Amino acid sequence: MARTTLNPRRRLTLQIIVGVVVLAVAAAIVLGWGLGSHPKPSGQAAKTPAEAGVTAQLAAVPASVFDAIGPGTAQAAPRHVATAPALTQGGKPLVTYVGGEFCPYCAAERWPLAVALSRFGTLEGLGQTTSASAPEVYPDTATLSFHGASLTSDHLALDAKEVYDRDHNALDKLTPDEQKVVDTYDAPPYSQSAGTIPFVDLGGQWLVVGAQYDPSVLAGKTHAQIAAALSDPSSPIAKAVIGTANVLTVALCVQTGGQPDSVCQSTGVKTTAAAMGVG
């Protein structure tokens, strides 16, 4: 699948002036935060009603939609790495995500990943952004951001990093343990080239490198339009995003021992597992 590689007047007067300026700047910052007129940092947790609404919709897709779509139009399944050691945190399978806000393939992959994770717990701190503008392919694709995101779950743990913002500036720094996972599994033979994003490690046993469906299905759509389309099983967006979420869910259910039962034993997951050849 397609992907992105990361590839100094007198002293007293000066002190007075500086003091006044500092007070003025501080007041402006306080007023700015209070009025909500400041620009929001890239990837900041959802705060506005519109953002909160999008996040809520990800977790509110009806079970019937997952069941109706099955694998949908997902074009790639996670790669099973049976010989790799299990990757856990707090005794739970650890999902490691590494992406960049500029990356259009990451933009596509975040939607189904967020939907799938929401089936196992509560995602918090999801931000909203768009992929980089032209001349990047699939420019300005509406997407989420995992910068600062966390998962509360009895079944899974999440370690998510956005290493660059949408303007290609450095954002999240990988820890030595995260870098070791990337160096080992985000490189040949597991990916076509080292440092490919998006990179998702599902419990150390399954890998996703690149987008699992065609990002063009999201072209020209707003965050709200994409989120709303997820509950319509006839929508091309739902068939791609929910289908991919089902594919990810199958791999996650293998990691969690089939829990939660309401998800892992659902018709949509069973249908998708059969299509993937996962028993």
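Numbering of residues starts from 1 in every chain and runs along the sequence as written. With pLDDT at 70 or above as the cut-off, local features in this predicted model cover only qualifying residues; side-chain atom pairs require 80 or more to be listed or tallied, and sums for whole chains, interfaces and linings still use all residues. In computing side-chain properties, one takes all heavy atoms of the structure into account and sets aside hydrogens as well as water.

A. Molecular detail of unusual backbone geometry. Note that the residue after I197, namely P198, is joined by a cis bond; omega there is 0°. Comment: elements are numbered from the N terminus, with helices defined as DSSP H or I runs of at least four residues and strands as E runs of at least two. As for its placement among the helices and strands, P198 is situated in the loop between β10 (196-197) and β11 (199-202). Note that the residue after Q259, namely P260, is joined by a cis bond; omega there is 0°. Assignment of secondary structure puts P260 in the loop between α7 (236-256) and α8 (261-264). Phi is positive for D140, which is not a glycine, with a value near 55°. Relative to the elements of secondary structure, D140 occurs in the loop between β6 (127-130) and β7 (142-145).

B. Quick peek at the layout of surface pockets. For each structure, a 1 Å grid was placed over the protein atoms alone; sets of points admitting a 1.4 Å probe that cannot get out are labelled cavities, open sets with protein on both sides within 12 Å along at least five of seven lines are labelled pockets, and lining residues have an atom within 4 Å of a point. Grid points are joined across faces, edges and corners, and a volume is the space filled by probe spheres set on the points. Considering only enclosed or pocket space, the largest pocket measures out at about 280 Å³ in volume. Lining the largest pocket are 17 residues, and of these L87, D177, E178, K180 and V181 sit closest to its centre. For the lining of the largest pocket, the secondary-structure elements that each account for two or more residues are β3 (88-89), β4 (92-100) and α5 (176-185). Ranked by the residues each element gives to the lining of the largest pocket, the list is headed by α5, at six residues. Any residue that is not Ala, Val, Leu, Ile, Met, Phe, Trp, Tyr, Cys, Pro, Asp, Glu, Lys or Arg is counted as polar, Gly included; the first ten are nonpolar and the last four charged. Residues of the lining of the largest pocket, tallied by class, amount to six nonpolar, six polar and five charged.

C. A look at the nonpolar core. Joining through side-chain atoms within 4.5 Å is the link that ties buried Ala, Val, Leu, Ile, Met, Phe, Trp, Tyr and Cys residues into a set, and such a set is a nonpolar core. Under the scheme applied here, a residue whose accessible area is under 20% of the maximum for its type counts as buried, over 50% as exposed, and between as partly exposed, the area being computed with a 1.4 Å probe on protein chains only. Formed by 70 residues in total, the largest nonpolar core has its most connected members in W111, L117, F146 and I242. Ranked by residue count, the leading element in this core is α7, at eleven residues. If we ignore the near neighbours within four places in the chain, the residues touching F146 are Y97, R110, L113, A114, L117, L123, L126, L158, A160 and E162. Contacts between residues were defined by any pair of non-hydrogen atoms, one from each residue, lying within 4.5 Å.

D. Seen up close, α7. End to end, α7 covers 30 Å across 21 residues, agreeing with the expected 30 Å (1.5 Å per residue, within 8%). Across the 21 residues of α7, 18 count as buried, placing the element largely inside the fold. Its side-chain oxygen 3.1 Å from the backbone nitrogen of I237, S235 forms the N-cap of α7. Note on α7: the residue one or two positions beyond its end, G257, has a positive phi of about 70°. The span one expects for a helix is its residue count, reduced by one, times 1.5 Å. Polar contact criterion, stated in full: a pair of N or O atoms within 3.5 Å, where within protein one must be able to donate a hydrogen and the other to accept it, and residues adjacent in sequence count only if both atoms are side-chain atoms.

E. Inspection of the packing of aromatic side chains at higher detail. For this analysis, a ring pair means two rings from Phe, Tyr or Trp (six-membered ring only for Trp) whose centres lie within 6.5 Å, classed as stacked if their planes differ by under 30 degrees, edge-to-face if by over 60, and tilted for the remaining angles. A full pass over the atoms with the stated rule returns four aromatic pairs. Ring centres of Y97 and F146 lie 5.0 Å apart, and the angle between their planes is 45°; on these two criteria the pair is classed as tilted. Taken together, the residues Y97 in strand β4 and F146 in the loop between β7 and β8 (150-152) connect sequence positions 49 residues apart. In this pair, the class of Y97 matches that of F146, namely buried. When the ring of F102 is compared with that of Y164, the centres are 6.2 Å apart and the planes differ by 75°; the resulting orientation is edge-to-face. Of this pair, F102 sits in the loop between β4 and α4 (104-118) while Y164 sits in strand β9 (residues 157-164), placing them 62 residues apart in sequence. Owing to a relative accessible area of 5%, F102 belongs among the buried residues under this scheme. Given a relative accessible area of 31%, Y164 falls into the partly exposed group.

F. Representation of the confidence of the model for the protein in the model. Averaged over every residue, the pLDDT of the protein is 86; the share at 70 or more is 82%. On a scale of 0 to 100, pLDDT captures the predictor's confidence in every residue. Counted against residues more than four places away or in other chains, residues 7-46, with its pLDDT under 50, gives 23 contacts.

G. Representation of the state of the cysteines in the model. Cysteine sulfur pairs qualify as disulfides if the two atoms are within 2.5 Å. Within the structure shown, the criterion is met by one disulfide. Put simply, C253 and C264 are joined by a disulfide, and their sulfur atoms are 2.0 Å apart. Taking the sign of the S-S torsion, about -90° here, the bridge from C253 to C264 comes out left-handed. Of this pair, C253 sits in helix α7 while C264 sits in helix α8, and the two are eleven residues apart along the sequence. Given the relative accessible area of 6%, C264 is considered buried.

H. Inspection of the pattern of salt bridges at higher detail. The term salt bridge refers to a side-chain nitrogen of Lys or Arg lying within 4 Å of a carboxyl oxygen of Asp or Glu. Within this structure, the stated rule accounts for four salt bridges. Ionic pairing is found between R110 and E162, a salt bridge with its closest N-O pair at 2.8 Å. On the criterion of sequence distance, the pair formed by R110 in helix α4 and E162 in strand β9 is long-range, its members being 52 residues apart. The shortest N-O distance in the salt bridge between R166 and D167 comes to 3.9 Å. For R166, a relative accessible area of 22% puts it in the partly exposed group. Each of the salt bridges in this network shares a partner with another, and the network as a whole consists of D140, R166 and D167.

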